[in-house]
Amino acid sequence: MSDTDGKKTLGLRGGSRPGNVKQSFSHGRTKNVVVETKRKRVVVPKPGGSKPGGSAPAGDPSRRPAGISDAEMQRRLKAVQAAKARESEETARREAEEKARQEERDRRRAEAEAKEREEKEREERARAKAEEEERKRQEAEEAKRAAEVAANAPPELAREAPRGGANKPAPSQTPRRNDRDQDKSSRGKGRDEGRRSGKLTLNQALAGGDGGRQRSMAAMKRKQERARQKAMGGAVEREKVVRDVQLPEAIVVSELANRMAERVGEVVKSLMQMGMMVTQNQTIDADTAELIIEEFGHNVVRVSDSDVEDVIDSVDDKEEDLESRPPVITVMGHVDHGKTSLLDAVRNAKVVSGEAGGITQHIGAYQVKAEDGQVLTFLDTPGHAAFTSMRSRGAQVTDIVVLVVAADDAVMPQTVEAINHAKAAEVPMIVAINKIDRPEADPQKVRTDLLQHEVIVEALSGEVQDVEVSAITGQGLVALLESIALQAEILELKANPTRAAQGAVIEAKLDVGRGPVATVLVQNGTLNQGDIFVVGEQWGKVRAMENDQGKRVKVAGPSVPVEVLGLNGTPEAGDVLNVVETEAQAREIAEYRANAAKEKRAAAGAATTLEQLMAKTKEDENVAELPILVKADVQGSAEAIVQAMEKIGNEEVRVRVLHSGVGAITETDVGLAEASHAPIFGFNVRANAPARNTANQKGVEIRYYSVIYDLVDDVKAAASGLLSAEIRENFIGYAEIKEVFKVSGVGKVAGCLVTEGVARRSAGVRLLRDNVVIHEGTLKTLKRFKDEVAEVQSGQECGMAFENYDDIRPSDVIEIFEREEVTRVLD
């Protein structure tokens, strides 16, 4: 805007008046300000002025803005008139369209109202008809009841009965509830609007008007959708979504509401109506949750914690997928009967030379290729009595059992145990009579002894094959392999190598450089490098595999024993290995199994009643315990040692294994041993340097063993030291009192005759009167004539005085005995 646009400048002349205003500020400060008050200008029209729409602005240069010509002014006026004409046309068109839309809405609303009226009339007719039928039925029932009462009541009561009460229709109820609800809602709405009135909100302050809270886009869309549905034929109720709710054994209320997609408050309300005062963070059982789910109209899918194991593939293999697999042969027998030597002769190896004491103490898995090209898998089990569980594991995963019996030793206890394991596993047996080269060998005695255990060999017209062999000279080895091949051919062993691998853990150990290592015998499928598996309470990924010769392999088929690396912990020997798809599944299954085992152990050790708890406490008070810690090189050896320790003891003493594990002895083991005052027994393992230093400082005893029965004997000897010594009495003589004398300063002295044995001064004595013990004690004096003597022989007379006892009479008998302590030993 320019300074010469025709307006007058602001000045003090004309309608303005100056004035002073005093402004006040904080802290007593003031300021005088000069202000100007302007009067309101009043415009008085002049007589004879130009009409609206004329050319006055164009002809009056004083009223026209500066710099605008007449032609420009005319063009501007025409443009304004054209804009006004277009605006009027737009307004007319919008009014016409709005009128058409309103007519369409009115038509649809009329149709909807007519349809709604028809529906209401139809419902009213149906309701009236139903009410009429119900009223007639009630009248008939009341009339029948009144007739029965009148028939059974006395005549006086029948005359006083109310007239027409039975047939009088009930007054119809006026449906006023809806009106009351509408009035109540309108009053509540009015109160809410009144409560909010007069208050400044943030939206009002920002909008600068009376605008209230702005609705969201989603709310506007929902409103438009409801309006459209109402215009098309009435409001349509949203259909309820029925869900399949997975229900475990116990569930939190909030989680249940989340799975049903319902409000938590509604679920809590339903539970309170059932009489359960719970909050959203409390846990309810599956039965209660099932009632709630059914009440809300959803479907229940019951699940349990064990369902995590359903991912393990357990389908039956098709016949066309099966292929022949090598047989698994387990060598069993008594200790020192030549099992490992026989297997070495078959393998042309020298395993027995590296074993402690020449005794197998681990379960070994080997593969042998026969001369005809057939592959055989051998499992060598220990023969010592402590390795019962190892022999049972070997029998469970085997196809054929080779029972080795020494020809010069015949059937022994572990031979019988091996026979029982083979019968329990229902596997065929081949008897190998070993050490046939020795002069004292008697194979016929072995065959005869086997008859006592229902093992009838072919030489005695039975079904069990028997082969005479010698591991030293190699005699009979070819015949043994032929017998194994024949038996395997009869069994027709097959497996599916294309499915996910499944196997059994033969042995497990904790290697210093490689971590947990498990010897696995693959029973079905193929185990590949990189497979994710779960075994017992542990899981892992196959990082590497080694065969029985120590060579790295990437694939292990059925009946192939391999050492698997990549476990997160040491599994138990005998656990089943299963390959799964993902690591999450393996971890979930392992966690579930670990929790289940933990709960089982806790339940087994807990006393069920207070009486049982008190009885167990009283028992423990009377039993001496020998606490020990056991560390072994492999899991099977640790398990065998713990089982052997549990068998040591009686009702007075027992061995308590505080901890058993696999791997080297660490500082943690030493700390536990020191706190429990227990020794540490290491079986084929050693303590590391920090553990040795800590043990020397704290005085913890660490013992190392390589033969299991040496360890068992030492523990048995240590436990025997906790037994109290046995007191035995040996009767050494009898004496008869002939006369009683009173001696001043001494008291009564018995004059005795030693009738049997000998009387000693240091021995204990009992006073018998009529064969009843009157007193038991010791002698105060033993004299022969006037001399104090140590002992008196039979047939001689002596004088005896009892310590602190004087009630002695003639004819009493004195029994002389000695006590000795005998050291007890555990069986």
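This is a predicted model, so every value here is computed, not measured. Per chain, residues are indexed from 1 in the order of the written sequence. Totals for whole chains, interfaces and linings use every residue, but because this is a predicted model, local features are given only for residues with pLDDT of at least 70 and side-chain atom pairs only at 80 or more, for both listing and counting. With hydrogens and water stripped out, all remaining heavy atoms of the structure feed into the side-chain values.

A. How the structure looks around the sheet that holds strand β8 (residues 328–333). Reading across from one edge, β9-β10-β8-β11-β12-β13 is the order of the six strands in this open sheet, with mixed pairing throughout. For this open sheet the edge positions go to β9 (364–369) and β13 (465–468), each flanked by a neighbour on one side alone. Direction aside, the axes of adjacent strands within the sheet are offset by 25 degrees on average. Note that strand β11 (residues 400–406) and strand β12 (residues 429–434) share six bridges and pair parallel. Across the sheet, the residue bridging to valine 401 is methionine 429, located in β12. Note on definitions: a residue-residue contact is assigned when non-hydrogen atoms from the two residues lie within 4.5 Å. The convention used is that axes are lines fitted to C-alpha atoms, helices contributing only their stretch in contact, and that angles between N-to-C directions extend from 0 to 180 degrees. Strands are runs of DSSP state E lasting at least two residues, helices are runs of H or I lasting at least four, and both sets are numbered from the N terminus onward. Its contacts with the sheet place helix α10 (residues 339–347) against β8, β9, β10 (375–380), β11 and β12, and it is angled at close to 160 degrees to β10. Docked against the sheet, helix α13 (residues 443–451) engages β11, β12 and β13, running at close to 145 degrees with respect to β12. Any two strands between which DSSP finds at least two bridges are classified as paired.

B. Spatial organisation of a positive patch on the surface. Only residues whose relative accessible area exceeds 30% and that form no salt bridge are eligible for patches; like-charged ones are grouped when within 9 Å, while nonpolar side chains (Val, Leu, Ile, Met, Phe, Trp, Tyr) are grouped when within 5 Å. Surface accessibility in these figures is a Shrake-Rupley result with a 1.4 Å probe; residues are shielded only by whichever protein chains are displayed. The term salt bridge refers to a pairing of a side-chain nitrogen on Lys or Arg with a carboxyl oxygen on Asp or Glu at a separation within 4 Å. In this count, Lys and Arg are taken as positive residues and Asp and Glu as negative ones, while His and the chain termini are left out. Note on charges: their place is set at NZ of Lys, CZ of Arg, CG of Asp or CD of Glu. Taken together, the side chains of Arg215, Arg222, Lys223 and Arg226 define a basic patch exposed on the protein surface. As for its position among the elements, arginine 215 is in the loop between α5 (202–207) and α6 (217–233).

C. View of α10. Only protein chains enter the accessibility calculation, which uses a 1.4 Å probe. A residue is then buried if its area is under 20% of the maximum for its type, exposed if over 50%, and partly exposed in between. By the criterion of burial, α10 is predominantly enclosed, with seven of the nine residues buried. The secondary structure elements touched by the buried residues of α10 are β8, β9, β10, β11, β12 and α14 (477–491).

D. Inspection of the packing of α10 against α14 at higher detail. For the pair α10 and α14, the least separation of the axes is 11 Å and the interaxial angle reads 90 degrees. Considered as vectors, α10 and α14 are oriented roughly perpendicular to each other. For the pair α10 and α14, contact is made by Leu342, Ala345 and Val346 and by Leu477, Leu480 and Leu481, respectively. Residues are grouped as follows: Ala, Val, Leu, Ile, Met, Phe, Trp, Tyr, Cys and Pro are nonpolar; Asp, Glu, Lys and Arg are charged; all remaining types, including Gly, are polar. Its residues assigned to classes, the contact of α10 with α14 comprises six nonpolar, no polar and no charged. Angles below 35 degrees are treated as roughly parallel, those above 145 as roughly antiparallel, those between 65 and 115 as roughly perpendicular, and all remaining angles as oblique.

E. Main features of helix α7 (residues 253–260). If you check which residues of α7 are buried, you get Val253, Leu256, Ala257 and Met260. Within α7, the buried residues cover an arc of 100 degrees as seen down the axis, which keeps them to one side. Against the buried residues of α7 lie β3 (244–247), β4 (250–252), α8 (264–273), β5 (283–285) and α9 (286–295). Looking one or two residues beyond α7, the residue adopting positive phi is alanine 261, at roughly 60 degrees. Note that the arc is defined by the directions from the helix axis to the C-beta atoms.

F. A look at the pattern of salt bridges. Enumeration according to the criterion identifies 50 salt bridges in this entry. Residues glutamate 72 and arginine 76 are paired through a salt bridge, measuring 3.4 Å at the closest nitrogen-oxygen approach. Of this pair, glutamate 72 and arginine 76 both sit in helix α2 (residues 70–152), four residues apart, which is roughly one turn of that helix. Given the relative accessible area of 44%, arginine 76 is considered partly exposed. When the shortest N-O distance is used, the salt bridge between glutamate 736 and lysine 738 registers 3.8 Å. Since its relative accessible area comes to 29%, glutamate 736 is described here as partly exposed.

G. Expanded view of the sheet that holds strand β27 (residues 702–705). Overall, parallel pairing links the four strands, which are arranged β25-β24-β26-β27 in an open sheet. Here the strands that pair on one side only, and so sit at the sheet edges, are β25 (653–662) and β27. When the angles between neighbouring strand axes are averaged without regard to direction, this sheet yields 25 degrees. Two elements, strand β24 (residues 624–632) and β25, share nine bridges in a ladder whose sense is parallel. In the strand pairing of β25, proline 627 is matched with arginine 656. On top of the sheet, helix α17 (residues 635–646) reaches β24, β25 and β26 (680–683); it is set at about 170 degrees to β25, its chief contact.

H. Representation of the pairing of β27 within the structure. Pairing between β26 and β27: four bridges, direction parallel. Each residue of the ladder has a partner; that of glycine 682, found in β27, is tyrosine 704. We call a crossover right-handed when, viewed with the strands running away from us, the connection from the first strand over the helix to the second turns clockwise. In terms of handedness, the path from β26 via helix α19 (residues 689–698) over to β27 forms a crossover that is right-handed.

I. Structural view of a negative patch on the surface. Together, Glu319, Glu320, Asp321 and Glu323 give the surface a local cluster of negative charge. Of note, aspartate 321 is situated in the loop between β6 (299–302) and β7 (323–324). Using a relative accessible area of 31% as the deciding quantity, one classes aspartate 321 as partly exposed.

J. The packing of aromatic side chains, seen in detail. Note on aromatic contacts: the rings of Phe and Tyr and the six-membered ring of Trp form a pair at centre separations within 6.5 Å, being stacked when their planes are under 30 degrees apart, edge-to-face when over 60 apart, and tilted otherwise. For the coordinates displayed, the defined rule picks out one aromatic pair. Here, a charge over a ring means that NZ of Lys or CZ of Arg falls within 6 Å of the ring centre while also lying within 35 degrees of the ring normal. Over the ring of tyrosine 704 we find arginine 686; its NZ or CZ atom is 4.5 Å from the centre of that ring. If you follow arginine 766 out to its NZ or CZ, it ends over the ring of phenylalanine 817, 4.1 Å from the centre.

K. Expanded view of the confidence of the model for the protein chain. Looking at the protein chain, pLDDT values average 79 and 79% of them are 70 or higher. Confidence drops under pLDDT 50 across residues 48–58; counting only partners more than four residues distant or on other chains, this segment forms six contacts. Below pLDDT 50 for its whole length, residues 155–177 participates in eight contacts with residues either more than four positions away or in separate chains. One number per residue, pLDDT, summarises how confident the predictor is, and it ranges from 0 to 100.

L. Broad picture of a nonpolar patch on the surface. A cluster of nonpolar side chains, contributed by Phe741, Val743 and Val746, occupies part of the molecular surface with about 230 Å² of accessible area. Examined against the element boundaries, valine 743 turns out to sit in strand β28 (residues 726–743). Its relative accessible area of 38% is what places valine 743 among the partly exposed residues.

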